[in-house]
Amino acid sequence: PLPLKPHIVMLVFLLFLQVAAGQEQTPKSLLVVRERLHTPSASNCPVGKVVYGISYSVISVFGDGRGSETVWSVPPCSDPARRFEWTAPVNAKTNDFELSADALAKLRSFLDRSEVKSLRDFMNAGGGVGDYDIEIHRLSGVQRIPVMSLMPEHYSLRRDPTLLEVVCKAKELAGDKRPSWCPDLPASE
């Protein structure tokens, strides 16, 4: 038999890893919207437990048009360490969906609007409909939009409802019921 030279073995191994990695890669995220909502509280919780429940939703849309929505909740009277975790538990419910080529093109066009690109954050001290953590993946990097206590009737969102449009668009893509506070989106979007 011919002796195998170490550098040839290593080269073949590295080529194998590159091919395997290429086959295992999942498409990059295009849009991720994480939602955290407070649910009714319980007045009889033991001391040290969280008195209100929290429901979570994570909607992800990938560059190839595939998407998923994962939902779970933390019930009232739970351990405080669990209350703000964005990591879904094993028993979380996941709904997969796929966008048509036309719907994916419309989403890309929507996300490329200048007003969407200029979104930064929304931090509200008052009550709101929920907290959101939005990521829009762009060639230039990830646009992160943290949202605390989203208040749809806030004067700045009435003046420019773009942030509401992003959240509502993600909910529509996942097949969720449209919240009453969602602004009407133009038909072309």
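Residues numbered from 1 in each chain as written. Predicted model: local features only at pLDDT ≥ 70, side-chain atom pairs only at ≥ 80, totals over all residues. Heavy atoms only, no water.

Student: For the side chain of Ser68, give the residues involved together with the corresponding values.
Tutor: Tracing the sequence through the fold places Ser68 in strand β3 (residues 66–74). The class for Ser68 is buried, based on a relative accessible area of 15%. Apart from residues lying up to four places away in sequence, Ser68 is in contact with Val58, Ile59, Ser60, Thr94, Asn95, Asp96 and Phe97. (Helix = DSSP H or I, 4+ residues; strand = E, 2+ residues; numbered from the N terminus. Buried < 20%, exposed > 50% of the residue type's maximum accessible area, 1.4 Å probe, protein only. Contact = heavy atoms within 4.5 Å.)

Student: How would you sum up the pairing of strand β2 (residues 52–62)? Please name residues and give values.
Tutor: With nine of eleven residues buried, β2 is to be regarded as a mostly interior element. Bridging between strand β1 (residues 29–41) and β2 involves eleven bridges; their strand directions are antiparallel. Note that in β2 the partner of Val33 across the bridge is Ile59. Direction of pairing for β2 relative to β3: antiparallel, over a ladder of eight bridges. Within the sheet, the bridge partner assigned to Ile54 lies in β3 and is Val74. (Pairing = 2+ DSSP bridges.)

Student: Now, about the layout of surface pockets: what can you tell me, with residues and values included?
Tutor: Approximately 320 Å³ is the volume found for the largest pocket. As for the largest pocket, its lining consists of 13 residues, of which Leu30, Arg108, His137, Arg138 and Leu139 are closest to the centre. Those elements that provide at least two residues to the lining of the largest pocket are β1, α2 (101–111), β6 (131–138) and β7 (141–148). For the lining of the largest pocket, the element with the most residues is β6, which contributes three residues. Residues of the lining of the largest pocket, tallied by class, amount to five nonpolar, four polar and four charged. By volume, the second largest pocket is sized at about 180 Å³. The class makeup of the residues in the lining of the second largest pocket is five nonpolar, two polar and four charged. (1 Å grid on protein atoms, 1.4 Å probe; cavity = no way out; pocket = protein on both sides within 12 Å on 5 of 7 lines; lining within 4 Å. Points joined across faces, edges and corners; volume = space filled by probe spheres on them. Nonpolar A, V, L, I, M, F, W, Y, C, P; charged D, E, K, R; others polar.)

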